[in-house]
Structures are given as C-alpha cells and as structure tokens.
Amino acid sequence: MKKTFELIAPCHFGMEAVLKREITDLGYDITAVEDGRVTFIGDDEAICRANVFLRTAERVLLKVGCFQAGTFEELFQGTKAIAWEDYIPQDGKFWVAKASSIKSKLFSPSDIQSVMKKAMVERMKKSYGVEWFEEKGSSYPLRVFLYKDQVTVGIDTTGDSLHKRGYRTLTSKAPITETLAAALIMLTPWNRDRILVDPFCGSGTFVIEAAMIAANMAPGMNRSFLSEEWKNLIPRKCWYDAMDEANDLLENDVKVDIQGYDIDPDIIKAAKSNAEAAGVDHMIHFQQRPVSALSHPKKYGFLITNPPYGERLEDKKDLPELYRQIGERYKALDAWSLYMITAYEDAEKYIGRKADKNRKIYNGMMKTYFYQFMGPKPPKRKTGDSFEK
C-alpha cells in the first residue's frame, strides 16, 4: 500500500480557485484552500504528477508538520517533535530555505530558521546515533509559514520555482510570470478553438502559455525537479511514469489561431526564440505591430494582454493615449472579449468602458488589476469548423 502525504501548492494570491480546479482535475482530494496556497492529499506519484502538470502552482511542498508556537522554545520543541528521520536520510542536506510570518509573535525569519535547524539536528542526532552530519547527499530545503502563531512546515519538492518552465531565456522589461499568465488564461472562457491575440506580447509569455494549453503540453515536461534525487521517498519509476503520461497527452499538431504583436522588433525576435525553446513556435504568429494597427477580420476572438502601466514616472504621461488606443481598437473588433492585467488604476477610464469584472491580484508585491471585458458568446460551431467566422 502506497504511503500518502499532505501536499501544499503555493500560488499567486487570488489564483487559488484556478489551482484548486487543476488539482481536482488531476484526481486529488483538496483538504484546505487558504490565501496563496492549496493543500491536498497524494502519494509519491502525486508529487511527480503535480510538479509536471500543474500550470498555476509556484512549487509543491511535502507537508511534514503543523503546530502552535508563540515562543522560540515552543518552536524548537514543535520542530523537534517532527519525525525528520522519516523524510531526510542521514547524508541529506537540510536547511530552512524560507520562513514567512504573518500576525505571529515570532517574526524574525533568520531567528526562525536558526532555531528550527538546531531542533532538526537534535532530533536527527538521536535518530541516527551520530553527532555530526556531513550533509553531502540530496537536498531537502524547508519552507515554513507562520500565521497567527500556527507553524506549517513543508519540504520543497520542486527546487527552482515552477514558473521556470525552461523556455524563457530572453525577457522584456516587465515580464509576467509563466504561472500567473497561465492562471489568467484559465480564468477566461478561451479555448483552443477560439482566436487569441496579445497586442503587447513582450517575451511571449501569454501566447506561449496559451499554445501549451492548446497542445495539452505539460508545463514541467522539459525541466528537472529537486526531489528527483529523493531515492528514499520517491521511486525513480514515478518520475518516468509522469513524463510518459505527459508525452502521451501531448497534441503537438493541433490547429490554433494564436498571435503575438509588439512594437519592438528585438522583443519580437526574443518572443520567437522563447516559443521555439518551448516547442510551440509553429503554433504562434508573431509580428511587429503597434496597438494602433490592431485588427482582425473574424468574430468572437480574445485579447489577453499585459500592457505597459508606467513603471517609470516619465512613462506615465503616455498612458492615457495608449489606453485610449487599446479601447478604440477593441471596439473596432467584432464581438471580441478583452482580458487585461495592469497596475494602471485609470485603465477603465481611458478604455472607455467599465469592466464586467475587476479582480485584484498581487503580482509579487505590486497590486494589479485583472480587467475582464466580456463579449457575446459565439453560436455553436458546425462540425468541422476550426474557428468562428
């Protein structure tokens, strides 16, 4: 009988519902949905599949403990009580990679990290009957969350964040992360039978993620994960099976209409290079084009984009005209929908229409808005039609 674990998948604040749906679709039971993370039950195979298939999670953590701690002594004893020997081998490298604290008496990350490391060493010295750990084996970094004095401890199974798909080597000035781009696309009703255009494509993240979704391409199939080296917890076969499943599901010959435009020719070159690295360059049409030239002859398409929002003070004077152009070109499209993430608070004013929905999202430390201007639904397609006319 396989051993089951409680797994934690952190995500962007505001994207929990999207991630919950992804995890449920993978076949796993959700135990908790909190701000910025979703917890679920799974076995060793689930660790592999979650890392390979989840588009909107930042990483996958193996939850090993949860306890109350209002003092450093309680933190020490709570950490020491965890059966670390069940997870970390004698030669394993272990440390608290990150500690975050909200509304808790203990708030110093460095002190939390230090106390927990000492407690782990004390526990494992007794378990393994040694006085010193060389830590030359596989890595087992911890991530710790303190909220209202409750400590949640997880071991990171991922390594480099899941937004690092492995394809984006060249970026624009203010790139959106791959995980957030995928989550925003999945918040819309877009599917691969519908047209998608990003008129400010930058390094191509939105259109590349859309193409990967259309091709059913697992976001983690072209990268490695830290826990691949955990021979004590995850049989190598689990990773092979997850990758085989990803390859079996891939539909690389699907026909789509996905387009990315940008005014900067060098950025378009970078976007093309990233799409090629992702293996979806044949699915995307890139073109140097200003937003003022945005047009499309067909109906019922989608604009999904992250336009400039004036990161520098001198750029802000150009924003009213830019957003007016976006609004004008959007109105000229026939029955299209517009989905736009921006930190520009006056976006709706200059677009010239109030958004049907306005979702606040914290993109890093910056408060941003996801505006949703929803067009009419298309009529049902006839059999054999690829795109709405």
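Everything that follows concerns the structure shown earlier in this document.
Residues numbered from 1 in each chain as written. Predicted model: local features only at pLDDT ≥ 70, side-chain atom pairs only at ≥ 80, totals over all residues. Heavy atoms only, no water.

Engineer: Just checking my understanding: could you explain helix H9 (residues 319-332) for this structure?
Structural biologist: Count 3.6 residues to each turn of an α-helix, and residues three or four apart come out pointing the same way. The end-to-end C-alpha distance of H9, which contains 14 residues, comes to 20 Å, matching closely the 20 Å that a straight helix rising 1.5 Å per residue would cover. Leu319, Pro320, Leu322, Tyr323, Ile326, Gly327 and Tyr330 are the residues of H9 that are buried. The buried residues of H9 occupy one face: seen down the axis, they fall within an arc of 165°. (Helix = DSSP H or I, 4+ residues; strand = E, 2+ residues; numbered from the N terminus. Expected span 1.5 Å × (residues − 1). Buried < 20%, exposed > 50% of the residue type's maximum accessible area, 1.4 Å probe, protein only. Arc of directions from axis to C-beta.)

Engineer: Quick question: what am I supposed to make of the sheet that holds strand E6 (residues 139-147) here?
Structural biologist: Strand pairing in a sheet takes place through backbone hydrogen bonds and is either antiparallel or parallel in direction. Here we have seven strands laid out as an open sheet, ordered E2-E3-E1-E4-E7-E6-E5, and mixed in their pairing. Looking at the sheet topology across the chains shown, the edges are occupied by strand E2 (30-34) and strand E5 (93-102). Strand after strand, the sheet turns through a mean of 30° between neighbouring axes, direction not considered. Where E5 and E6 come together, nine bridges link them in parallel fashion. Bridge pairing links Ile102 to Tyr147 in E6. Packed on one face of the sheet, helix H4 (residues 109-128) meets E5, E6 and strand E7 (150-156) and runs near 140° to E5. (Pairing = 2+ DSSP bridges. Axes fitted to C-alpha atoms, helices over the stretch in contact; angles between N-to-C directions. Contact = heavy atoms within 4.5 Å.)

Engineer: Looking at this structure, how should I read the packing of aromatic side chains?
Structural biologist: Within a pair of aromatic rings, the relevant descriptors are the distance that separates the centres and the angle that separates the planes. Here the structure, examined in full by the defined rule, presents 12 aromatic pairs. Consider the rings of Tyr140 and Trp230, whose centres lie 4.7 Å apart with planes at 15°: the pair is stacked. Here Tyr140 is found in strand E6, whereas its partner Trp230 is found in the loop between helix H6 (205-214) and helix H7 (236-249), with 90 residues between them in sequence. Taken as a pair, Tyr140 and Trp230 share a single burial class, namely buried. Joined through ring pairs, the aromatic side chains of Tyr330, Tyr369, Tyr371 and Phe373 make up one cluster. When the ring centre of Phe145 is taken as reference, the NZ or CZ atom of Arg37 above it lies at 4.5 Å. Looking at Arg289, its charged tip hangs above the ring of Tyr261, at a distance of 4.3 Å from the centre. (Phe/Tyr/Trp six-rings, centres within 6.5 Å; stacked < 30°, edge-to-face > 60°. Lys NZ or Arg CZ within 6 Å of the ring centre and 35° of its normal.)

Engineer: Is there a simple way to think about the environment of Leu294 in this case?
Structural biologist: With respect to the helices and strands, the residue Leu294 is situated in the loop between strand E10 (284-288) and strand E11 (302-305). Judged by its relative accessible area of 3%, Leu294 is buried. Between the C-alpha atom of Leu294 and that of Val197, which follows or precedes it by 97 residues, the distance is 9.3 Å.

Engineer: Is there a simple way to think about the state of the cysteines in this case?
Structural biologist: Cysteine pairs can be linked by a disulfide, which is a covalent bond between their two sulfur atoms. Counted by the stated rule, this structure contains zero disulfides. In this structure Cys48 is a free cysteine whose sulfur lies 4.9 Å from that of Cys238, the closest cysteine sulfur available. Note on Cys48: relative accessible area 0%, which makes it buried. This cysteine, Cys66, is not joined by any disulfide, and Cys11 carries the nearest cysteine sulfur, 18 Å off. The class of Cys66 is partly exposed, set by a relative accessible area of 38%. (Disulfide = S-S within 2.5 Å.)

Taken by themselves, the reported measurements are silent on function.
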